[in-house]
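# Topology and contacts: notes
What follows is each chain in one-letter form.
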Amino acid sequence: MRLFKKSKPLCLALALLIFIGSVGYVSPGARAAGVFPDVSQSAWYYDYVSKCASINVINGYPDGTFGPEDNLKRGEFLKLCIEGARMAGASLWTVNRDKYKAHWAGEYYAIALEENLLLASSTGSTELIFPFGRQELDNEISRYEMAVIISNLCANCLMEKTIIASDAASKISDYSAIPETLVAKVEQTYGKGIITGFEDTSFRGAETLTRAQASAVIYRLLWSNDRKMPEWASEPKEVINTPVSGRPAGFQSFAEWLRDGHINAYGKIDDAARIKLFGNANKTYFYSSADAAPYMQTVTVPIWLYDANSPDQRKSSSIAITVNKAVAEEVYLIFKQIYDDPEKFPIYGGWAAGGARFTDTMRHAWGCAIDVNSLYNCECNTKSGYLRVTCGYGYWPKNNDGTATDGSFAGSMTSPSIFSIGKKPGEYGYSVVKAFSDYGWGWGGNGWSGGTSFDYMHFSVLPSGG
């Protein structure tokens with residue numbers, strides 16, 4: 001049985017991480033057996049607790065008990081989630097840990113801020129579900145807060161596809177009580193099969209999360225193949241593509257059509273473009289998967305994989321990317337061009353090319369942006385007078401030589417990697433920039449905001465790449 005999605009296999013060595021300090025400690029023998037005297041084999045949570053305990057993800061108290069009905073604290077849950085994401089292959093780090101050292105979970109809180117795990121809304125709000133502080137992190141976590149963190153973790157760190165929630169309102173009995181800003185988060189966590197609610201079909205988001213309930217959530221996060229998607233949720237419809245060679249004669253991409261008088265110098269699109277994208281001249285983005293569902297398609301594109309054991313070889317594969325129907329065909333053609341290029345640029349892990357998501361109001365929430373190899377091509381800015389990496393840990397900052405104006409590197413890498421995108425013709429990785437550019441898409445690596453912001457992983461239909 002796999003612990004993670006087949007696109008992100010688990011390294012068994014990492015499975016031995018022990019989360020001491022988050023949910024207690026018990027003797028190695030008890031952990032290995034997954035046995036706690038207060039966890040009955042007939043309990044609904046027995047399998048979740050025992051399996052998570054068998055790989056030391058969840059531990060008991062010093063007296064050997066588990067305390068299934070005890071409530072979990074916010075700091076404890078953050079540690080479980082972030083260490084779990086690391087085990088899944090996500091590189092999560094922060095340069096701000098000292099600022100939060102007043103609490104043992106401060107580093108995890110700082111990482112959660114970096115990765116936008118604490119943003120409550122899917123509509124661009126910067127409101128956090130809870131602030132930093134000793135008392136705040138020691139408070140018990142609510143089920144609403146759990147859903148926000150898990151939903152953001154899946155989208156921002158594990159690159160999971162957005163689920164279409166078509167009829168959640170009639171299936172979750174207290175759906176009408178869910179705050180509007182949290183609806184999308186709850187829908188996604190339900191829709192992925194990570195939470196299931198209570199027997200009466202209620203969610204009870206304001207209630208606290210017990211250790212038994214947390215074991216079920218963490219188990220389903222890790223053993224993703226064992227999730228059961230509810231009948232009202234589905235993955236976006238997949239487009240079956242016919243292989244092509246080169247650009248079809250007379251083909252005009254949506255990005256090129258935009259530049260034909262449908263977008264101004266400030267990146268604002270006109271009514272005709274909004275109708276094409278959203279079906280409404282007054283609409284500017286999708287605020288949830290259910291809202292976007294009629295306009296989304298999942299495109300299967302060919303990619304190359306890299307094998308560290310055979311660095312001169314590439315393995316042919318494919319990946320499914322969810323985008324707006326308006327750009328589905330050109331997205332396929334763009335990736336086919338990257339695939340056909342002699343460079344054979346690889347996609348990290350076979351999964352690091354993400355499309356639509358609804359955590360902000362930007363181009364990802366149009367279904368018209370794609371991040372390529374996000375771990376190895378950072379987002380950074382110099383707005384505060386120094387280089388700050390806000391996402392990823394890749395090499396490329398401002399200049400072609402990979403250095404910032406002050407001579408420091410962007411992120412933890414000191415040289416380009418096999419997954420780094422090139423900035424100009426002749427550089428390795430430029431085939432990616434060229435393919436998107438050939439169809440009218442912009443690249444965030446060219447910078448905006450007066451040359452203070454750069455997003456080297458990000459491509460969008462806007463000329464600026466923003």
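Residues numbered from 1 in each chain as written. Predicted model: local features only at pLDDT ≥ 70, side-chain atom pairs only at ≥ 80, totals over all residues. Heavy atoms only, no water.

### Regarding the pairing of strand 7 (residues 369-372)
Applied cut-off: Think of it in three bands: with a 1.4 Å probe and only protein chains considered, a residue is buried below 20% of the maximum accessible area for its type, exposed above 50%, and partly exposed in between. Under the scheme used here, helices are H or I runs from DSSP no shorter than 4 residues and strands are E runs no shorter than 2 residues, and both carry numbers assigned from the N terminus. Two strands pair under a simple rule: DSSP has to find at least two bridges between them.
The alternating pattern of strand 7 places Ala 369 and Asp 371 and Ile 370 and Val 372 on opposite faces, both of which are buried. Note: strand 6 (residues 353-354) against strand 7, two bridges, orientation antiparallel. Note that in strand 7 the partner of Gly 354 across the bridge is Asp 371. Inspection of the sheet shows strand 7 paired to strand 12 (residues 458-460) by three bridges, in the antiparallel sense. Bridging across to strand 12, Ile 370 finds its partner in Phe 459.

### Some remarks on the packing of helix 13 (residues 328-340) against helix 14 (residues 430-438)
A pair of packed helices is captured by two measures, namely the crossing angle of their axes and the spacing between those axes. Going by this rule: For helices, the axis comes from a line fit to the C-alpha atoms of the stretch in contact; other axes are also lines fit to C-alpha atoms, and the angle between any two N-to-C directions lies between 0 and 180 degrees. Should the near helix be turned anticlockwise from the far one by less than a right angle, the crossing is left-handed, and should it be turned clockwise, the crossing is right-handed. We call two residues in contact whenever any of their non-hydrogen atoms come within 4.5 Å of each other. Note on residue classes: Ala, Val, Leu, Ile, Met, Phe, Trp, Tyr, Cys and Pro are nonpolar, Asp, Glu, Lys and Arg are charged, and everything else, Gly too, is polar.
Interaxial distance between helix 13 and helix 14 falls to 9 Å at its minimum, and their mutual angle equals 145°. Between helix 13 and helix 14 lies a crossing of right-handed hand. Listed contacts from helix 14 to Ile 334, Phe 335, Gln 337 and Ile 338 of helix 13 are Ser 431, Val 432, Lys 434, Ala 435, Phe 436 and Asp 438. In the contact of helix 13 with helix 14, the residues fall into six nonpolar, two polar and two charged.

### Considerations on the environment of Leu 462
Tracing the chain through its elements places Leu 462 in the segment after strand 12. Using a relative accessible area of 5% as the deciding quantity, one classes Leu 462 as buried. The spacing of Leu 462 and Ala 255 is 207 residues in sequence and 7.0 Å in space, taken between C-alpha atoms. Residues contacting Leu 462, with those up to four places away along its chain left out, are Ile 263, Gly 267, Arg 363, Trp 366, Trp 441 and Gly 442.

### Structural notes on the nonpolar core
One broad trend across soluble globular proteins is that nonpolar side chains are buried collectively. Note the cut-off: As used here, the term nonpolar core means buried Ala, Val, Leu, Ile, Met, Phe, Trp, Tyr and Cys residues forming a set that is joined through side-chain atoms within 4.5 Å.
In terms of nonpolar packing, the biggest core is built from 69 residues, with Phe 77, Leu 78, Ile 149, Ile 150 and Phe 203 touching the most fellow members. Elements with a minimum of two residues in this core: helix 2 (46-54), helix 3 (74-87), helix 4 (106-114), helix 6 (143-156), helix 8 (183-191) and helix 9 (211-222). With near-sequence residues (within four places) excluded, Leu 78 lies in contact with Tyr 108, Tyr 109, Ala 112, Leu 118, Phe 130, Leu 137 and Ile 149. Ala 292, Ile 321, Phe 436 and Val 461 belong to the second-largest nonpolar core, a separate cluster that totals 55 residues.

### Remarks on the packing of aromatic side chains
Under the convention used in this document: We call Phe, Tyr and Trp rings a pair once their centres come within 6.5 Å, taking the six-membered ring for Trp, and we label the pair stacked below 30 degrees between planes, edge-to-face above 60, and tilted otherwise. Consider the ring centre and the ring normal. A charge sits over the ring if Lys NZ or Arg CZ is within 6 Å of that centre and within 35 degrees of that normal.
Summed over the entire model, instances satisfying the criterion amount to 27 aromatic pairs. Pairing Tyr 190 with Phe 203 gives two aromatic rings, centres 5.7 Å apart and planes at 65°, and the pair type is edge-to-face. Of this pair, Tyr 190 sits in helix 8 while Phe 203 is found in the loop between helix 8 and helix 9, placing the two residues 13 residues apart along the sequence. One exposure class covers both Tyr 190 and Phe 203, and it is buried. Clustering of aromatic rings is evident, with ring pairs tying together Phe 335, Phe 436, Trp 441, Trp 443, Phe 454, Tyr 456 and Phe 459. Across from the ring centre of Phe 66, 4.8 Å away, lies the NZ or CZ of Arg 211, which sits over that ring. It is Lys 276 that lies over the ring of Trp 257; its NZ or CZ is 4.8 Å from the centre.

### Some points on the state of the cysteines
Rules: The term disulfide is used for any two cysteine sulfur atoms that are within 2.5 Å.
What the rule picks out here adds up to zero disulfides. This cysteine, Cys 81, is not joined by any disulfide, and Cys 154 carries the nearest cysteine sulfur, 9.0 Å off.

### Focus: the sheet that holds strand 10 (residues 442-443)
Read across the sheet, four strands follow the order 6-7-12-10 without closing on themselves; strand pairing throughout is antiparallel. Of all the strands in the sheet, the pair left with one neighbour each is strand 6 and strand 10. Strand direction decides the pairing type here: strand 10 and strand 12, joined by two bridges, are antiparallel. Its bridge partner lying in strand 12, Trp 443 is registered against Phe 459.

### Quick notes on the pattern of salt bridges
Our working definition: For this analysis, a salt bridge means a side-chain nitrogen from Lys or Arg found within 4 Å of a carboxyl oxygen belonging to Asp or Glu.
The tally for this structure, following the rule as stated, stands at eight salt bridges. Between Arg 74 and Glu 145 there is a salt bridge; the shortest N-O distance is 2.7 Å. Residue Arg 74 is found in helix 3, and its partner Glu 145 is found in helix 6; the two are separated by 71 residues along the sequence. Looking at Arg 74, the relative accessible area reads 11%, which means it is buried. Its relative accessible area of 9% is what places Glu 145 among the buried residues.

### As for the packing of helix 6 against helix 8
Where we set the bar: Roughly parallel here means an angle under 35 degrees, roughly antiparallel means over 145, roughly perpendicular means 65 to 115, and every remaining angle is called oblique.
Helix 8 packs onto helix 6 with a crossing angle of 70° between their chain directions and a minimal axis gap of 8 Å. Classified by the interaxial angle, the pair formed by helix 6 and helix 8 is roughly perpendicular. Between helix 6 and helix 8, the contacting residues are Tyr 144, Ala 147, Val 148, Ile 150, Ser 151 and Asn 152 on the first element and Lys 185, Val 186, Gln 188 and Thr 189 on the second. Its residues assigned to classes, the contact of helix 6 with helix 8 comprises five nonpolar, four polar and one charged.

### Focus on the side chain of Glu 427
What counts is decided by this rule: In this count, Lys and Arg are taken as positive residues and Asp and Glu as negative ones, while His and the chain termini are left out. By the criterion applied in these results, polar contacts are pairs of N or O atoms within 3.5 Å in which, for protein atoms, one can donate a hydrogen and the other can accept it, and in which residues neighboring in sequence qualify only through two side-chain atoms.
Relative to the elements of secondary structure, Glu 427 occurs in the loop between strand 9 (388-391) and helix 14. Here Glu 427 is buried and forms no salt bridge, its nearest opposite-charge partner Lys 424 lying at an N-O distance of 4.4 Å. A polar contact of 2.7 Å, which involves the side chain of Glu 427, links it to the backbone nitrogen of Lys 423.

What is shown is where atoms sit, not what they do.
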